[in-house]
Amino acid sequence: MKFFVDTAEVDEIAELNDLGMVDGVTTNPSLIMKSGRDILEVTKEIAEMVDGPVSAEVVATEADQMIAEGRKLAKIADNIAVKVPLTWDGLKACNVLTNEGNMVNVTLCFSANQALLAAKAGATFISPFIGRLDDINLDGMELIADIRQIYDNYGYETQILAASIRTVNHAYQSAMVGSDVMTAPPKVIKAMAQHVLTDKGLAAFLADWEKTGQNIL
Ligand code: E4P
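## Concerning the site of the ligand
Inspection of the region around the ligand gives Asp-6, Thr-26, Asn-28, Lys-83, Phe-129, Arg-132, Ala-163, Ser-164, Arg-166 and Thr-183 as its neighbouring residues. Separating an oxygen atom of the ligand from a side-chain N or O atom of Arg-132 is a distance of 2.6 Å. Relative to its free-state accessible area of 340 Å², the ligand is covered by the protein chains to the extent of 85%. Its residues placed into classes, the shell around the ligand shows two nonpolar, four polar and four charged.

As structure tokens, then:
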């Protein structure tokens, strides 16, 4: 499974990128706002640092304007994926931008039917939002599994990008149901390394090592 980092914080992306953990980056208007950076500048900086797709989201709501914004964002770098919302206008923009040779990430997906439409519009990525479904007591992971089955039934090449990943359990379950990609905040990716038995086992090994009086270096 590919790992995208869901942030516009350049330092956090750089730390994970140096470990070879970053296959791409996703941003959205809220993450740009939190970064306090100019969208064009910070997106360019991220796209230069990371080899894989960097999603940058349009903010227009009407197709023609979305297309114009998408074209401008796509000019930032070759690895930009233009992010459009899953509305009828967003699907129109997806189709046009895809046909022009751009990667398109269709975001704010909350149903299998929406995902089916995005695939038909030629989306490179579909972003079902797991955490936001869980927030309203629906099963985000069931949605990922449904989209996986529908895409496999018909051979759609649109990649399932599990988004709104809030916990390590979301990451695990996304991998189990066959997401092509997950995008998660850096803190969730780092938390995947943690296990209470790892900490306990390491403490016991170090305590015993202390008793040997030895040094490796
Ligand atoms: C990524 O593409 C999404 O914008 C992001 O994962 C949303 O996450 P949130 O629901 O935690 O804001």
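Don't stop here, the text continues.
## Details of the pattern of salt bridges
Under the criterion given, the structure shown has nine salt bridges. Across the pair Glu-45 and Arg-37 runs a salt bridge whose closest N-O atoms are separated by 2.7 Å. A salt bridge links Asp-152 to Arg-148, with the nearest nitrogen and oxygen atoms 3.1 Å apart. Taken as a pair, Asp-152 and Arg-148 lie in helix α8 (residues 140–154) at a separation of four residues, close to a single helical turn.

## Let's talk about the nonpolar core
Ile-46, Ile-80, Val-84, Val-106, Ile-126, Ile-147 and Met-182 are the most contacted members of the largest nonpolar core, which totals 57 residues. The dominant element in this core, judged by the number of residues it contributes, is α8, at five residues. Apart from residues no more than four positions distant in its own chain, Met-182 is found in contact with Met-1, Lys-2, Phe-3, Phe-4, Leu-161, Ala-162, Ile-165, Ala-171, Ile-189 and Met-192. In this structure, Phe-4, Ala-81, Phe-125 and Leu-161 belong to the second largest nonpolar core, which totals five residues.

## Thoughts on the pairing of strand β7 (residues 159–162)
Sheet analysis places strand β6 (residues 125–128) next to β7, joined by two bridges and oriented parallel. Bridge pairing in β7 links Ile-126 to Ile-160. Here two bridges tie β7 to strand β8 (residues 181–184), and the two strands are oriented parallel to one another. Bridging across to β8, Leu-161 finds its partner in Val-181. The parallel pair β7 and β8 is bridged by helix α9 (residues 168–176), and the resulting crossover is right-handed.

## Points about the environment of Tyr-156
Within the fold, Tyr-156 resides in the loop between α8 and β7. Once residues within four sequence positions are removed from consideration, Tyr-156 is found in contact with Leu-116, Ala-119, Lys-120, Ile-150 and Tyr-151.

The rules behind these values
Counting starts from 1 at the beginning of each chain's written sequence and moves along it residue by residue. It should be noted that, the model being predicted, local features are given only for residues of pLDDT at least 70 and side-chain atom pairs only at 80 or more, the latter also being counted only at that level, while totals for whole chains, interfaces and linings use all residues. Working from all heavy atoms in the structure, the side-chain values ignore hydrogens and water. Throughout this document, a residue counts as near a molecule or strand when at least one of its heavy atoms sits within 4 Å of that molecule or strand. Any N or O atom pair separated by 3.5 Å or less is treated as a polar contact, with the protein-specific requirement of one donor-capable and one acceptor-capable atom, and with residues adjacent in sequence counted only for side-chain atom pairs. To be clear on the numbers: accessible area is Shrake-Rupley with a 1.4 Å probe, and residue cover counts the displayed protein chains and nothing else. Classification convention: Asp, Glu, Lys, Arg as charged; Ala, Val, Leu, Ile, Met, Phe, Trp, Tyr, Cys, Pro as nonpolar; all other residues, Gly among them, as polar. Just to be clear on terms, a salt bridge is a Lys or Arg side-chain nitrogen sitting within 4 Å of an Asp or Glu carboxyl oxygen. In this description a helix means any DSSP run of H or I spanning at least four residues, a strand means any run of E spanning at least two, and both kinds are numbered starting from the N terminus. We define the nonpolar core as a collection of buried residues of types Ala, Val, Leu, Ile, Met, Phe, Trp, Tyr and Cys that are connected through side-chain atoms lying within 4.5 Å of one another. Here's how the labels work: a residue is buried when its accessible area is under 20% of the maximum for its type, exposed when over 50%, partly exposed in between, all with a 1.4 Å probe on protein chains only. Contacts are residue-level and defined by heavy atoms, with any inter-residue pair within 4.5 Å sufficient. One requirement defines pairing of two strands: DSSP has to find at least two bridges between them. If you view a crossover with the strands going away from you and the path from the first strand over the helix to the second runs clockwise, you call it right-handed.

Note that all results are geometric; they support no functional claim without further evidence.
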